[in-house]
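A closer look at the structure
What follows is each chain in one-letter form.
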Amino acid sequence: MKTVADSLYAAMSRRRPKQQTPEQMQAACDAFNATYAVGNVIECWTGPREGRPVEREIRHPACVLGGHTPVVYIAGGGGCVALTHVADWVSP
């Protein structure tokens, strides 16, 4: 029988991506930068991955923010978005 704690743990574990090594995060940034250039327009979510993504222009190549999240800097609001929030992008 499932308990409330089991359900809560399952929901929390779905929201948390697996921890990546610094090398894996940098590899994701390098792959993204090889695919998209500064000035390209991408579709992304600037908040939760809900609804339709919005179009934003890339202002700076992808990099690892604070040693914990691969991001790309965009124009038009949001500052930067995690690569996990770029539509149609699958990290290697």
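It should be noted that the structure appears before, not after, this text.
Residues numbered from 1 in each chain as written. Predicted model: local features only at pLDDT ≥ 70, side-chain atom pairs only at ≥ 80, totals over all residues. Heavy atoms only, no water.

Things to note about the packing of aromatic side chains
Counted by the stated rule, this structure contains one aromatic pair. Look at F32 and Y36: their rings are 4.7 Å apart centre to centre, the planes differ by 35 degrees, and that puts the pair in the tilted class. With relative accessibility at 1%, the residue F32 sits in the buried group. (Phe/Tyr/Trp six-rings, centres within 6.5 Å; stacked < 30°, edge-to-face > 60°. Buried < 20%, exposed > 50% of the residue type's maximum accessible area, 1.4 Å probe, protein only.)

Looking at the nonpolar core
Formed by 13 residues in total, the largest nonpolar core has its most connected members in F32, I42, V72, L83 and V86. Broken down by secondary-structure element, the contributors of at least two residues to this core are α2 (22-35), β1 (41-44), β2 (54-65) and β3 (69-74). The greatest single-element share of this core, amounting to three residues, is contributed by α2. Those residues in contact with F32 that lie beyond four places of it in its chain are I42, I58, A62, V72, L83, V86 and W89. (Core = buried A, V, L, I, M, F, W, Y, C linked by side-chain atoms within 4.5 Å. Helix = DSSP H or I, 4+ residues; strand = E, 2+ residues; numbered from the N terminus. Contact = heavy atoms within 4.5 Å.)

Remarks on the environment of G47
Within the fold, G47 resides in the loop between β1 and β2. Considered as a pair, G47 and G78 are 31 residues apart in the sequence and their alpha carbons are 8.3 Å apart.

So, α2
Here α2 is 14 residues long and its end C-alpha atoms lie 20 Å apart, about the 20 Å a rise of 1.5 Å per residue gives. Within α2, the full set of buried residues consists of M25, A28, C29 and F32. For α2, the angular spread of buried residues about the axis comes to 95 degrees, placing them on one side. The exposed residues of α2 that point more than 90 degrees off its buried face are E23 and A34. (Expected span 1.5 Å × (residues − 1). Arc of directions from axis to C-beta.)

With respect to the sheet that holds β2
Where strands meet in a sheet, backbone hydrogen bonds hold them as pairs that are either parallel or antiparallel. If you trace the four strands from one edge of the open sheet to the other, you get β1-β2-β3-β4, paired in antiparallel fashion. Here the strands that pair on one side only, and so sit at the sheet edges, are β1 and β4 (80-82). The average angle at which neighbouring strand axes cross in this sheet is 55 degrees, direction not considered. With five bridges connecting them, β2 and β3 associate as antiparallel partners. When the sheet's bridge partners are listed, L65 is paired in β3 with T69. Packing of α2 onto the sheet brings it into contact with β1, β2 and β3, and relative to β2 it is tilted by some 140 degrees. (Pairing = 2+ DSSP bridges. Axes fitted to C-alpha atoms, helices over the stretch in contact; angles between N-to-C directions.)

With respect to the pattern of salt bridges
A side chain with one charge can pair with a side chain of the opposite charge if their charged atoms come near. Counted by the stated rule, this structure contains one salt bridge. Ionic pairing is found between E57 and R59, a salt bridge with its closest N-O pair at 3.5 Å. Among the residues examined, E57 registers a relative accessible area of 28% and is labelled partly exposed. (Salt bridge = Lys/Arg side-chain N within 4 Å of Asp/Glu carboxyl O.)

In short, geometric facts, not functional conclusions.
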